[in-house]
Amino acid sequence: MPEYEFVDVYVPRGVSRKEAARLLTDHAEYGHWELDRLSLHRDGSRRVRLRRRIIRQVRATW
């Protein structure tokens, strides 16, 4: 079963949808993050949880 690491990103209510999309796209392209969960709050702020897979290297035995 794959292992993931998570990061929470808070996007305040004054940030437009376009700017938030650009922010998340940058995280996805350069940090290899993918969207796990998005919460839209009543005040217009967003809490985004991103995840990326942890790749463990298996030590070779000779």
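By the naming in an unreviewed UniProt entry, the protein is Dihydroorotate dehydrogenase, taken from Streptomyces scopuliridis RB72.

Asker: I'd like to hear about the overall build of the protein, residue by residue, with values.
Answerer: Helices and strands together make up the secondary structure of the protein, namely one helix and three strands. The linear arrangement of helices and strands in the protein, starting from the amino end, is β-α-β-β. In terms of overall dimensions, the protein is more spread out than a globule: its C-alpha atoms have a radius of gyration of 15 Å, far above the 11 Å expected for 62 residues. In terms of its C-alpha atoms, the protein occupies a principal-axis envelope of roughly 60 × 20 × 10 Å. Buried residues in the protein amount to 15% of all 62 residues. In the protein, 59% of the contacts between residues at least 6 apart in sequence involve partners at least 24 apart. Averaged over its 14 positive side-chain charges, the protein has a centre that lies 3 Å from the centre of its 9 negative ones.

Asker: Can you explain the nonpolar core? Please cite residues and give values.
Answerer: One finds Val9, Val11, Ala20, Trp33, Val48 and Leu50 forming the largest nonpolar core, which totals six residues. For this core, the elements supplying multiple residues, two or more each, are strand 1 (3-11) and strand 3 (46-54). Beyond its immediate stretch of four places on either side in the chain, Val11 contacts Ala20, Leu23, Ser45, Arg46 and Val48.

Asker: Residues and numbers for the pairing of strand 2 (residues 34-40), please.
Answerer: Of the strand pairs in this sheet, strand 2 and strand 3 are connected by six bridges, and their pairing is antiparallel. By the bridge assignment for strand 3, Ser39 is matched with Arg47. Hairpin geometry of strand 2 and strand 3 is characterised by an intervening segment of five residues between the two adjacent antiparallel strands and by a positive phi of about 100° at Gly44.

Asker: Give a description of the side chain of Arg46 that names residues and reports values.
Answerer: Residue placement: Arg46 occurs in strand 3. Despite being buried, Arg46 has no salt bridge partner; Glu19 is the closest side chain of opposite charge, sitting 8.3 Å away. Polar contacts involving the side chain of Arg46 include one to the main-chain carbonyl oxygen of Val15, which spans 3.5 Å.

Asker: So what about the packing of aromatic side chains? Which residues, and what values?
Answerer: According to the stated counting rule, one finds zero aromatic pairs in the structure shown. One cation-aromatic arrangement involves Arg49 over Phe6; the distance from NZ or CZ to the ring centre is 5.2 Å. Note that Arg51 overlies the ring of Tyr4, its terminal NZ or CZ placed 4.3 Å from the centroid.

Asker: I'd like a rundown of helix 1 (residues 17-31), residues and numbers included.
Answerer: Given 3.6 residues per helical turn, the α-helix brings residues three or four places apart onto the same face. If you check helix 1, its first and last C-alpha atoms are 21 Å apart, about what 15 residues at 1.5 Å a residue would give, namely 21 Å. Phi turns positive, to about 60°, at His32, one or two residues after helix 1.

How each quantity is defined
- Residues numbered from 1 in each chain as written.
- Predicted model: local features only at pLDDT ≥ 70, side-chain atom pairs only at ≥ 80, totals over all residues.
- Heavy atoms only, no water.
- Helix = DSSP H or I, 4+ residues; strand = E, 2+ residues; numbered from the N terminus.
- Rg over C-alpha atoms; globule rule 2.2 N^0.38 Å.
- Buried < 20%, exposed > 50% of the residue type's maximum accessible area, 1.4 Å probe, protein only.
- Contact = heavy atoms within 4.5 Å.
- Lys, Arg positive; Asp, Glu negative; His and termini not counted.
- Charge placed at Lys NZ, Arg CZ, Asp CG, Glu CD.
- Core = buried A, V, L, I, M, F, W, Y, C linked by side-chain atoms within 4.5 Å.
- Pairing = 2+ DSSP bridges.
- Salt bridge = Lys/Arg side-chain N within 4 Å of Asp/Glu carboxyl O.
- Polar contact = N/O pair within 3.5 Å; in protein donor to acceptor, adjacent residues only side chain to side chain.
- Phe/Tyr/Trp six-rings, centres within 6.5 Å; stacked < 30°, edge-to-face > 60°.
- Lys NZ or Arg CZ within 6 Å of the ring centre and 35° of its normal.
- Expected span 1.5 Å × (residues − 1).

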